[in-house]
Amino acid sequence: MNCIIIDDEPLARAEMRSLISEVSKTDILGEFSNAPAALDFLKNNDADLIFLDIEMPMVTGLEFAEMLPKKSLIIFTTAYAQYALKSYELEAVDYLLKPVNPERLQKAIDKAVLYTELLSKDTIKNTIASNTADFLFIKADRRFYKIGFSDIKYIEGLKDYVVIHTRHQKLITAMNLKTIHQKISWDTFLRVSKSYVVNIDCIDSFDNHNIYIDESEIPIGEVYRSEFFTKYAGGFLNSDQ
């Protein structure tokens, strides 16, 4: 896997370069102080992963992300927590707060590597073959996988695909999140953001902004917050608290 770093602060770029080299074998193709310079580079070069600051002159990281093709994988790196929900609406792989923790960085890169591998396989044209009252079949890697609804922990929207996170594996299929949610519309599956549907039976904990399932941190979108607290928390918590 290769990457580029975009940040208007030289020290921040140097720190990211050092951290990336420390936790992974990711090749750094280039570093850029602004989005237009990076965009010029990307016209003639392919980057698997983009580490992107948000508050930059000329073009912000969020604006730049909207210009990129859907295949681009983005990890936002910023000192500001308030952009997290917007970043997931842009289907970012992850959102890292500065100063970046090496373990969190490694987890984010591992996630990007996994998605690159999944998207490079024959799963791209896979679809859900059929579903019954309590399970569905997913065609992946030229095989059909039977997945019980109770085995699904959560489903993540990724570009034009969804990643189904089960208790034992991850499978990707060419389908949008709304469609698959309709196919498994149990009371136990709840849409919690533009990019996530969760099995509420698998939730370990939550706060006003995130749901935690095993090691995964899933953001709660503003539009979906009221429904989540009403249906899951039974109204005993107020989303404004």
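In the block above lies the structure referred to throughout.
We now turn to the structure provided with this report. (Residues numbered from 1 in each chain as written. Predicted model: local features only at pLDDT ≥ 70, side-chain atom pairs only at ≥ 80, totals over all residues. Heavy atoms only, no water.)

1. Description of helix α7 (residues 222–231)
Part 1 of the argument: The set of residues buried in α7 consists of Arg-225, Phe-228 and Phe-229. Taken around the axis of α7, the buried residues stretch over an arc of 90 degrees, which confines them to a single face. In this structure, α7 carries Val-223, Thr-230 and Lys-231 as exposed residues pointing more than 90 degrees from its buried face.
Part 2 of the argument: Tucked inside the fold, the buried residues of α7 contact α4 (84–89), β12 (189–191), β14 (205–206) and β15 (210–213). (Buried < 20%, exposed > 50% of the residue type's maximum accessible area, 1.4 Å probe, protein only. Helix = DSSP H or I, 4+ residues; strand = E, 2+ residues; numbered from the N terminus. Arc of directions from axis to C-beta. Contact = heavy atoms within 4.5 Å.)

2. With respect to the sheet that holds β12
Part 1 of the argument: As summarised here, the arrangement of the 5 strands in space is β11-β10-β9-β13-β12, forming an open sheet in which the pairing is antiparallel. Across the chains shown, the open sheet's two edge strands, defined by having one partner strand only, are β11 (170–173) and β12. Pairs of neighbouring strands in the sheet enclose a mean axial angle of 15 degrees, with direction left out of account.
Part 2 of the argument: With 6 bridges joining them, strand β9 (residues 152–158) and strand β10 (residues 161–166) adopt antiparallel strand pairing. Note on β10: the bridge partner recorded for Ile-155 is Ile-164. (Pairing = 2+ DSSP bridges. Axes fitted to C-alpha atoms, helices over the stretch in contact; angles between N-to-C directions.)

3. Topic: the nonpolar core
Part 1 of the argument: Within the largest apolar cluster, 37 residues are counted, with the highest numbers of intra-cluster contacts made by Ile-6, Leu-52, Phe-64, Phe-76, Val-198 and Ile-211.
Part 2 of the argument: When contributions to this core are tallied by element, the ones reaching two or more residues are β1 (2–6), α2 (35–42), β3 (49–52), α3 (61–67), β4 (73–78), β13 (196–199), β15 and α7. (Core = buried A, V, L, I, M, F, W, Y, C linked by side-chain atoms within 4.5 Å.)

4. Details of the side chain of Asn-2
Part 1 of the argument: Mapped onto the secondary structure, Asn-2 falls in strand β1.
Part 2 of the argument: With relative accessibility at 16%, the residue Asn-2 sits in the buried group.
Part 3 of the argument: Among the polar contacts listed, one links the side chain of Asn-2 to the backbone nitrogen of Asp-48, at a separation of 2.8 Å.
Part 4 of the argument: Here Asn-2 is in contact with Thr-26, Asp-27, Leu-29, Asp-46, Ala-47, Asp-48 and Leu-49, once residues within four sequence places are set aside. (Polar contact = N/O pair within 3.5 Å; in protein donor to acceptor, adjacent residues only side chain to side chain.)

5. Regarding the environment of Leu-105
Part 1 of the argument: Within the secondary structure, Leu-105 is located in helix α5 (residues 102–120).
Part 2 of the argument: Judged by its relative accessible area of 0%, Leu-105 falls in the buried class.
Part 3 of the argument: With sequence-adjacent residues up to four places away left out, Leu-105 is seen in contact with Met-16, Leu-19, Ile-20, Val-23, Phe-51, Leu-96 and Val-100.

6. What about the packing of aromatic side chains?
Part 1 of the argument: Taken as a whole and assessed by the stated rule, the structure comprises 11 aromatic pairs.
Part 2 of the argument: Relative to Phe-229, the ring of Phe-206 has its centre 6.0 Å away and its plane inclined at 75 degrees; by these criteria the two rings are edge-to-face. Separated by 23 residues along the polypeptide, Phe-206 in strand β14 and Phe-229 in helix α7 bring together distant segments of the chain.
Part 3 of the argument: With a centroid separation of 5.4 Å and 80 degrees between ring planes, the pair formed by Phe-228 and Phe-229 is classed as edge-to-face. (Phe/Tyr/Trp six-rings, centres within 6.5 Å; stacked < 30°, edge-to-face > 60°.)

7. A few points about the pattern of salt bridges
Part 1 of the argument: Taken as a whole and assessed by the stated rule, the structure comprises 12 salt bridges.
Part 2 of the argument: Note that Glu-31 and Arg-17 form a salt bridge whose closest N and O atoms lie 2.6 Å from each other. Taken as a pair, Glu-31 in strand β2 (residues 27–32) and Arg-17 in helix α1 (residues 10–23) lie far apart in primary sequence, 14 residues in all.
Part 3 of the argument: With a closest N to O distance of 4.0 Å, Glu-89 and Lys-86 form a salt bridge. (Salt bridge = Lys/Arg side-chain N within 4 Å of Asp/Glu carboxyl O.)

8. Things to note about unusual backbone geometry
Part 1 of the argument: Here the residue pair Lys-98 and Pro-99 is connected by a cis peptide bond, since its omega of -5 degrees sits within 30 degrees of zero.
Part 2 of the argument: Not every positive phi belongs to a glycine, and Asp-214 is a case in point at roughly 55 degrees.
Part 3 of the argument: Residue placement: Asp-214 occurs in the loop between β15 and β16 (216–219).
Part 4 of the argument: Residue Asp-214 is classed as partly exposed on the basis of its relative accessible area of 47%.

9. Overview of the sheet that holds β16
Part 1 of the argument: Strand order in this open sheet of 3 strands is β14-β15-β16, and the pairing throughout is antiparallel. Of all strands in the sheet, those bounded by a partner on one side alone are β14 and β16.
Part 2 of the argument: For β14 and β15, the ladder comprises 2 bridges, and the chain directions are antiparallel. Across the sheet, the residue bridging to Phe-206 is Ile-211, located in β15.

Structural measurements only, silent on function.
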